[in-house]
Amino acid sequence: MLARKSIIPEEYVLARIAAENLRKPRIRDQPRKARFIAKSGACNLAHKNIREQGRFLQDIFTTLVDLKWRHTLVIFTMSFLCSWLLFAMMWWLVAFAHGDMDASTENCTGSTKWTPCVTCVRSFTSAFLFSIEVQVTIGFGGRMMTEECPMAITVLILQNIVGLIINAVMLGCIFMKTAQAHRRAETLIFSRHAVIAVRNGRLCFMFRVGDLRKSMIISASVRIQVVRKTTTPEGEIIPIHQQDIPVDNPIESNNIFLVAPLIICHVIDKRSPLYDISASDLVNQDLELIVVLEGVVETTGITTQARTSYIAEEILWGHRFVPIVTEEEGVYAVDYSKFGNTIKVAAPRCSARELDEKPSILIQTLQKSELSHQNSLRKRNSMRRNNSMRRNNSMRRNNSSLIVPKVQFITPEGNQSMCET
């Protein structure tokens, strides 16, 4: 069956499609720059082409701790199995060299015709079971050593030493993996967004940090770094240029008392890399602000570190964090459901440099916000008045409808009498 031809010619359709494609501008999204530090704190970095792999074996304990759990458990199991098999082979060789494998020698009934090195070891299986009993110190009582072979005594001492070393290394490795510092950092939280607003007459970069546990972080300190791609005057490209920015802290020791969520503030001044950035320039900036919180865990004494980062899209200009700490019945309560909530506030859209050069911009911005606030209050009051007037009018109408009307009755004689019903 032939396909039905279209009524519109193909030449006209192709020309129209081409014209529509020309009229529509093609907007291509810019490729999103990879983060250096993820929001969870993990470093987005891959190590490739490492030729000197033997350096990891020089620090075998740290290598074991850094491995994944499944690899650690496999190594833990294989280390014990290999040591048991190795010493089982040594016990079997000792018994074979002494002649304990001969069927005419002593059996396990206690005969005194022959004194073996190890009683009841006549095969590799029995040697393997004896190796397990020696290293794990089970001691079932069926197999035991005698004073006949000095070599067997040497093997016994050697196996005990090797077994203690394996136990110490593997148990220490598992303990360090379970008590790693980044586990404590899971309960240290940062706000999803950072804000830039006016505080004490200066533009400030702010974010919120909190601790979900009751056990405190001792000597907690916060560091902020800006990571961006820069080019030197000589033409050298630095893909990851790190620059520290100061944190506004009235305490000289630069430590924070993280008993409740705090708002960490950075004043954007001449030392800040954000000094020349305005609200319109912030969207196009290729920068990342890394926040590092360090401290000592109160319960374990281990130093922990929590990290996060903020890119340009995650910085809200002209916003402020809502308060979440309230006093209820003599106790300070923290509402973590509002931890990352912000509200819009008046803030100049210019850079901190322009604000320092023209302080009148801040005054004008505050005056505009005050006027808008007054206008909003007036609108609210007028709306309330209108609503109240409407309610009063509706109530009057309802009351008037409830009034009983007067009815006139005419008698046959023609006299009119009025009565109310």
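Small disclaimer: the values here were computed from a predicted structure and weren't measured.

Caption draft 1: Quick look at the overall build of the chain. A count of helices and strands for the chain gives 10 helices and 16 strands. In the chain, which comprises 421 residues, the proportion classed as buried is 30%. Counted over contacts in the chain with a minimum sequence separation of 6, partners at least 24 positions apart contribute 62%.

Caption draft 2: The state of the cysteines, seen in detail. The full count for this structure, using the stated rule, is one disulfide. The disulfide that involves Cys117 links it to Cys149, with 1.5 Å between the sulfurs. What sets the handedness of the Cys117 and Cys149 disulfide is the S-S torsion sign, and at about -55° it is left-handed. With a gap of 32 residues between them, Cys117 in the loop between α4 (69-98) and α5 (124-136) and Cys149 in the loop between α5 and α6 (150-178) connect regions that are remote in the sequence. Judged by its relative accessible area of 1%, Cys117 is buried. The thiol of Cys204 is not disulfide-bonded; the next cysteine sulfur, from Cys265, is found 3.5 Å away. When its relative accessible area of 1% is taken as the criterion, Cys204 is described as buried.

Caption draft 3: Here's a closer look at the nonpolar core. Core analysis: the biggest nonpolar cluster contains 37 residues, and Phe205, Phe207, Leu289 and Leu293 have the highest contact counts within it. Of all the elements, strand β4 (residues 217-231) adds the most residues to this core, at five residues. Core analysis: the next-biggest nonpolar cluster, separate from the first, contains 14 residues, Ala95, Cys117, Ala127 and Cys149 among them.

Caption draft 4: Expanded view of the packing of α4 against α6. The interhelical angle for the contact between α4 and α6, taken along N-to-C directions, is 175°, at an axis separation of 11 Å. By the angle between their axes, α4 is roughly antiparallel relative to α6. Of the residues contributing to the contact of α4 with α6, the split by class is 18 nonpolar, six polar and one charged.

Caption draft 5: Unusual backbone geometry, seen in detail. The backbone phi angle of Cys120 is positive, close to 60°, even though this residue is not glycine. Along the chain, Cys120 turns up in the loop between α4 and α5. We note that Asn200 has phi near 55°; this positive angle belongs to a residue other than glycine.

Caption draft 6: Broad picture of the side chain of Ser191. If you trace the backbone, Ser191 turns up in the loop between β1 (188-190) and β2 (194-199). On the basis of relative accessible area, Ser191 is assigned to the buried category, the value being 1%. In this structure, Ser191 is in contact with Lys39, Phe207, Arg208, Tyr310, Phe321 and Phe339, ignoring residues within four places of it in sequence.

Caption draft 7: Broad picture of the pairing of strand β9 (residues 303-311). Inspection of the sheet shows strand β8 (residues 287-297) paired to β9 by nine bridges, in the antiparallel sense. Note on β9: the bridge partner recorded for Val292 is Arg307. The turn linking β8 back onto β9 is made up of five residues, and Gly301 within it adopts a positive phi angle of 75°.

Caption draft 8: Looking closely at the pattern of salt bridges. Throughout the structure, instances matching the rule amount to six salt bridges. A salt bridge links Glu314 to Arg35; the nearest nitrogen and oxygen atoms lie 2.8 Å apart. Of this pair, Glu314 sits in the loop between β9 and β10 (315-317) while Arg35 sits in the loop between α1 (10-23) and α2 (55-58); the two residues are 279 residues apart in sequence, bridging distant segments of the chain. Take Glu314: its relative accessible area is 8%, and that puts it in the buried class. Where Arg223 meets Glu294, a salt bridge forms, and the shortest distance between an N and an O atom there is 3.4 Å. Highlighted residues: Arg223 in strand β4 and Glu294 in strand β8, separated in sequence by 71 residues. Arg223 gets classed as partly exposed once you look at its relative accessible area, which sits at 35%. The network of salt bridges with shared partners includes Arg35, Lys39 and Glu314.

Caption draft 9: Highlighting α6. For α6, which comprises 29 residues, the first-to-last C-alpha distance of 43 Å matches the rise-based estimate of 42 Å (1.5 Å per residue) to within 8%. Listed in full, the buried residues belonging to α6 are Ala152, Val155, Gln159, Gly163, Ile166, Met170, Cys173 and Lys177.

Caption draft 10: Region of interest: the packing of aromatic side chains. Tallying each qualifying case throughout the model produces eight aromatic pairs. An angle of 70° between the planes, with centres 5.1 Å apart, marks the rings of Phe76 and Phe80 as edge-to-face. Note that Phe76 and Phe80 are positioned in helix α4 at a spacing of four residues, about one turn of the helix. For Phe80, a relative accessible area of 12% corresponds to the buried category. Seen in terms of ring centroids, Trp92 and Phe96 are 5.4 Å apart; in terms of plane orientation they differ by 10°. Their pairing is stacked. Here Trp92 and its partner Phe96 are both found in helix α4, four residues apart, which amounts to about one turn of the helix. What links up through ring pairs into an aromatic cluster is the set Phe76, Phe80 and Trp84.

About the cut-offs
Residues numbered from 1 in each chain as written. Predicted model: local features only at pLDDT ≥ 70, side-chain atom pairs only at ≥ 80, totals over all residues. Heavy atoms only, no water. Helix = DSSP H or I, 4+ residues; strand = E, 2+ residues; numbered from the N terminus. Buried < 20%, exposed > 50% of the residue type's maximum accessible area, 1.4 Å probe, protein only. Contact = heavy atoms within 4.5 Å. Disulfide = S-S within 2.5 Å. Core = buried A, V, L, I, M, F, W, Y, C linked by side-chain atoms within 4.5 Å. Axes fitted to C-alpha atoms, helices over the stretch in contact; angles between N-to-C directions. Parallel < 35°, antiparallel > 145°, perpendicular 65-115°, else oblique. Nonpolar A, V, L, I, M, F, W, Y, C, P; charged D, E, K, R; others polar. Pairing = 2+ DSSP bridges. Salt bridge = Lys/Arg side-chain N within 4 Å of Asp/Glu carboxyl O. Expected span 1.5 Å × (residues − 1). Phe/Tyr/Trp six-rings, centres within 6.5 Å; stacked < 30°, edge-to-face > 60°.

Keep in mind these values describe shape, not function.
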